[in-house]
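Fold and geometry: a report
Here is what each chain is made of, one letter per residue.
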Amino acid sequence: MLGFIARRLFWGRKSFCTQRCFSQLAQKKVSLQEDGVVIPKMPPFDYSPPAYTGPTADEILAKRKNYLSPSILHFYKTPLNLVDGKMQYLFDENGRRYLDGFGGIATVSCGHCHPEVVEAIVNQTKRLQHSTVLYLNHVIADFAEALASKLPGNLKVVFFTNSGTEANELAMLIAKLYTGNHDIISVRNSYHGNAAGTMGATAQSIWKFNVIQSGIHHAVNPDPYRGIFGSDGEKYAKDVQEIIDFGTSGSVAAFISEAIQGVGGIVEMAPGYLPAVYESIRKAGGLCIADEVQAGFGRTGNHFWGFEDQGVVPDIVTMAKGIGNGIPLGAVVTTPEIAEALTRRSYFNTFGGNPVCTAAGLAVLRVIEKAKLQENAFVVGSYLKERLTALQDKYELIGDVRGRGFMLGVELVTDRQLKKPAKAEILHVMDQMKEMGVLIGKGGFYGNVFRITPPLCFTKEDADFLVSAMDLSMSKM
Ligand SMILES: Cc1ncc(COP(=O)(O)O)c(C=O)c1O
């Protein structure tokens, strides 16, 4: 009852519409005009998941509370129990369909349960699930060859891992071994993982525990929206040179950065930043590591890799998430010369490059190419960004719309001048969008940025649906 009254107060009298009403409108595909706002229509989709007979959301939540780490979080006031997925859609325990605008944190590249990826996984699982690299198997070699063909320059040697954290740990280790130096420079507001070294490279206090994280320097973030130098990448790059000059011996092991910060709230490096920084780092004897865990695999639309937008060629590229469409898989790609550094001792990873994961990775690459998913990310992503930018003209709450392709951010502020983070408002909008059938992510240092990173098969109609749902939610604020 209290919830009912609160919802009624929140939505106001005139435009009152219960959450159930929104769902019904969305499911019945009814489109109404109300105060100039289109009530969203879920695009049709010809798939019904099998009936779900498992435990309820409440039962799962109770088990999670008892048996899983208290550190794990969930989105939404009423957490969602997702039981099926098909392409850009997800289904809850009642068979209700949701548009997935988050892609399991920029991970579902081809689409949920893409038939060709599933087929590759199933076929390989039936044949040989695990052997380790101590024996030969063609799948890991075929995938390494295919992956290397997607990278520029002499980036031709692949190490497989199970996650992005592992990939970045390994990349930083290789850089230290190869250069004989220790200092690593990363960018403030970045996220690179949560193990010993990567937690150090990560530069947001919320992701850093109070444990020793040595040998890492965090450069000023070249953030065009909040940064002190606006979009002048070269000015921010001077900070990296100053860190080298004043914070190290003058020699460094590596610089690591995302091309677009994902967890940090979809922050694109200001133009000109990476070329200038790469020059400084190489002069100081260091290697340049591009963390493509979120931006890689065509997600940014205009290029296959995020770093390509700034015209640089890194020495080491790390990847995970989209590489496997949801299968645990990561990789480090570097040059043959740099890769040699790891032969000084034994390096081994039990699951890294296992046949099932690499079969999935190979299928992912084929699907991205065959279905022209990078092009789709460019075309539909640009359209979605335009529509979101139009929404910014309508709502003061939207301080910034940014990103490329299907890596888009919408930053909410309560005051555009002061850029005061709209922390409570974003939770309301996100919850209401979920009730209308649209799931999107959120992040940023202040937790006030929508992260829109859908599967790359997202359509223009899906984009319209997402924007209408955001529009309607914001119109009720
Ligand atoms: C840019 C970036 N690098 C590394 C990681 C760590 O990847 P994982 O969670 O697979 O360890 C993440 C995870 O979100 C990421 O966004």
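Residues numbered from 1 in each chain as written. Predicted model: local features only at pLDDT ≥ 70, side-chain atom pairs only at ≥ 80, totals over all residues.

In the nomenclature of an unreviewed UniProt entry, the protein chain corresponds to alanine--glyoxylate transaminase from the organism Quillaja saponaria. The UniProt entry for the protein chain carries the following comment under Catalytic activity (unreviewed entry): "glyoxylate + L-alanine = glycine + pyruvate". Within the UniProt record for the protein chain, the comment given under Sequence similarities (unreviewed entry) is "Belongs to the class-III pyridoxal-phosphate-dependent aminotransferase family." (UniProt positions renumbered as here; feature names shortened; annotations may be inferred.)

Of all residues adjacent to the ligand, which total 15 residues, the nearest are Ser163, Gly164, Thr165, Gly193 and Val293. Broken down by element, the residue count for the shell around the ligand peaks at three residues, all from helix H7 (residues 164-179). When the residues that make up the shell around the ligand are grouped by side-chain class, the tally is five nonpolar, eight polar and two charged. (Near = placed C-beta within 6 Å. Helix = DSSP H or I, 4+ residues; strand = E, 2+ residues; numbered from the N terminus. Nonpolar A, V, L, I, M, F, W, Y, C, P; charged D, E, K, R; others polar.)

So, about the environment of Gly405. Note on placement: Gly405 falls in the loop between strand E15 (398-404) and strand E16 (407-415). Residue class for Gly405 comes out buried when judged on the 27 C-beta atoms lying within 10 Å of it. Taking C-alpha positions, Gly405 is 8.1 Å from Lys385, a pair spaced 20 residues apart along the chain. With sequence-adjacent residues up to four places away left out, Gly405 is seen in contact with Arg299, Thr300, Gly301, Asn302, Ala377, Phe378 and Gly381. (Buried ≥ 20, exposed ≤ 12 C-beta atoms within 10 Å, placed from the backbone. Contact = placed C-beta atoms within 7 Å.)

Time to look at the sheet that holds strand E8 (residues 216-219). Strand order in the open sheet formed by seven strands is E6-E14-E13-E12-E9-E7-E8, and the pairing between neighbours is mixed. Of all the strands in the sheet, the pair left with one neighbour each is strand E6 (157-161) and E8. Direction aside, the axes of adjacent strands within the sheet are offset by 20° on average. Inspection of the sheet shows strand E7 (residues 184-187) paired to E8 by four bridges, in the parallel sense. Pairing of Ile184 across the sheet is with Ile216, part of E8. (Pairing = 2+ DSSP bridges. Axes fitted to C-alpha atoms, helices over the stretch in contact; angles between N-to-C directions.)

Within the secondary structure, Gly381 sits in helix H13 (residues 373-394). The buried category is assigned to Gly381, around which 26 C-beta atoms lie within 10 Å.

For the rest of this paragraph, the subject is the nonpolar core. Residues Ala175, Ala254, Ile289, Ala331, Ala360 and Val438 are the most contacted members of the largest nonpolar core, which totals 126 residues. For this core, the two domains that each supply at least three residues are domain 1 (2-45 + 374-475) and domain 2 (115-370). (Core = buried A, V, L, I, M, F, W, Y, C linked by C-beta atoms within 7 Å. Domains from an automatic or database assignment.)

Moving on to the domain arrangement of the protein chain. Each assigned domain of the protein chain is listed with its residue range as follows: domain 1 (2-45 + 374-475) and domain 2 (115-370). Computed over C-alpha atoms only, the centres of domain 1 and domain 2 are separated by 31 Å. Taken together, the 23 residues of domain 1 in the interface contact 20 residues of domain 2. The greatest single-element share of the side of domain 1 that touches domain 2, amounting to five residues, is contributed by H13.

Among the five residues that make up strand E12 (residues 287-291), five are buried, leaving the element largely enclosed by the rest of the structure. The side-chain alternation of E12 yields two buried faces, one formed by Leu287, Ile289 and Asp291 and the other by Cys288 and Ala290. Relative to E12, strand E9 (residues 254-258) is paired through five bridges, and the arrangement is parallel. Bridging across to E12, Phe255 finds its partner in Cys288. Taken together, the three bridges between E12 and strand E13 (residues 316-319) define a ladder with parallel strand orientation.

On to the sheet that holds strand E4 (residues 89-92). Reading across from one edge, E3-E4-E5-E18 is the order of the four strands in this open sheet, with mixed pairing throughout. A single partner strand is all that each edge strand has here, and the edge strands are strand E3 (82-86) and strand E18 (438-439).

This brings us to the pairing of E3. Both E3 and E4 contribute to a ladder of four bridges, which runs antiparallel. Looking at E4, one finds that Lys86 is bridged to Tyr89. With antiparallel pairing between neighbouring strands as the criterion, E3 and E4 make up a hairpin whose turn holds two residues, including Met87 at a positive phi of roughly 50°.

With that out of the way, let us pick up helix H10 (residues 273-283). Tyr273, Leu274, Ala276, Val277, Tyr278, Ser280 and Ile281 are the residues of H10 that are buried. Buried positions along H10 lie against helix H9 (233-247), E9 and E12. Directly after H10, the chain includes Gly285, whose backbone phi takes a positive value near 80°.

Chain-level statistics for the protein chain give a pLDDT mean of 93 and a share of 93% at 70 or above. Counted against residues more than four places away or in other chains, residues 1-30, with its pLDDT under 50, gives 26 contacts. (pLDDT = per-residue confidence, 0-100.)

This part covers unusual backbone geometry. The backbone of Ile105 shows a phi angle near 65°, a positive value even though the residue is not glycine. Within the secondary structure layout, Ile105 lies in helix H4 (residues 103-106). Unusually for a residue other than glycine, Phe297 sits at a positive phi of about 65°. Tracing the backbone through its elements, the reader meets Phe297 in the loop between E12 and E13.

Looking now at the packing of H13 against helix H15 (residues 460-475). For the pair H13 and H15, interaxial distance at closest approach is 9 Å and the crossing angle is 20°. Between H13 and H15, the crossing angle belongs to the class labelled roughly parallel. As for how H13 packs across H15, the hand of that crossing is right-handed. Contact residues: H13 offers Val380, Tyr383, Leu384, Arg387, Leu388 and Leu391, while H15 offers Lys460, Ala463, Val467, Met470 and Asp471. Here the residues of the contact of H13 with H15 sort into eight nonpolar, no polar and three charged. (Parallel < 35°, antiparallel > 145°, perpendicular 65-115°, else oblique. Left-handed = near helix turned anticlockwise from the far one by under 90°.)

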